[in-house]
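# Structure at a glance
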Amino acid sequence: DAKTTQPPSMDCAEGRAANLPCNHSTISGNEYVYWYRQIHSQGPQYIIHGLKNNETNEMASLIITEDRKSSTLILPHATLRDTAVYYCIPRPGSARQLTFGSGTQLTVLP
Amino acid sequence: NAGVTQTPKFRILKIGQSMTLQCTQDMNHNYMYWYRQDPGMGLKLIYYSVGAGITDKGEVPNGYNVSRSTTEDFPLRLELAAPSQTSVYFCASTITGGNQPQHFGDGTRLSIL
């Protein structure tokens, strides 16, 4: 599985967009990029995933670079409830598990 | 639609005791997983199942057993509890092993004293 690099922590002002970067330079062609978050030791919550194209859903947008070596998760209007650890996880479509790294602690400030 | 339900939410065990962590899902998912999360760390896979009657080991299976007699239920058994098994345990499920996301329960916080 591809290794990932995420900043250990980030702050964002409430109401502003939160842009969370992830480097996955060793990603292989069949690996999707998944984003999950974990709020205060609750179960991880799925946010979004993509392979090549940018994706958007009701929670967030995912921007994947053309060479697929990095991606950015965008929370368009961060709220205090978005404070969580965010995990970027490359995963082959056939993989049996998710491999969680250290993630980014996002703190949304009032 | 409750999703993935785990019981109990908290438990304290003495060394050498045994217990079963329960996990049930009502989404008719065929894949189910057990992870553990130690403080400040990411999740590690203990066991998984691709369907009723089929289970396989993950990254850290020692000290645990599982069974999958129905699609809905995937219990995790600790036979001889050890302090190293103090952790938060998460159950997850997904409809296939492909690119569909996994859905997680809220976890069981287990302390072995």
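First, a word on what this report is: a plain description of the structure on this page. (Residues numbered from 1 in each chain as written. Chains lettered and ligands numbered in written order. Predicted model: local features only at pLDDT ≥ 70, side-chain atom pairs only at ≥ 80, totals over all residues. Heavy atoms only, no water.)

### Re the packing of aromatic side chains
The relative placement of two aromatic rings is captured by the distance of their centres and the angle of their planes. Using the criterion set out here, one finds twelve aromatic pairs over all chains in the structure. Aromatic side chains B:Tyr33 and B:Tyr48 sit 6.5 Å apart centroid to centroid with 25° between the ring planes, which places their arrangement in the stacked category. In this pair, B:Tyr33 is assigned in strand β4 (residues 31–37) and B:Tyr48 in strand β5 (residues 43–51), connecting sequence segments 15 residues apart. Take B:Tyr33 and B:Tyr48: they sit in the same class, and that class is buried. These aromatic residues form a ring-pair network of at least three members: A:Tyr36, A:Tyr46, A:Tyr87, A:Phe100, B:Tyr31, B:Tyr33, B:Tyr35, B:Tyr48 and B:Phe104. (Phe/Tyr/Trp six-rings, centres within 6.5 Å; stacked < 30°, edge-to-face > 60°. Helix = DSSP H or I, 4+ residues; strand = E, 2+ residues; numbered from the N terminus. Buried < 20%, exposed > 50% of the residue type's maximum accessible area, 1.4 Å probe, protein only.)

### Structural notes on the pattern of salt bridges
All names here are of chain A. Under the defined criterion, the tally for this structure stands at three salt bridges over all chains. Two residues, aspartate 82 and arginine 37, come together in a salt bridge whose shortest N-O distance is 2.8 Å. Placement of the pair is aspartate 82 in the loop between β7 (70–75) and β8 (84–92) and arginine 37 in strand β3 (residues 31–38), with a sequence separation of 45 residues. For aspartate 82, a relative accessible area of 12% corresponds to the buried category. (Salt bridge = Lys/Arg side-chain N within 4 Å of Asp/Glu carboxyl O.)

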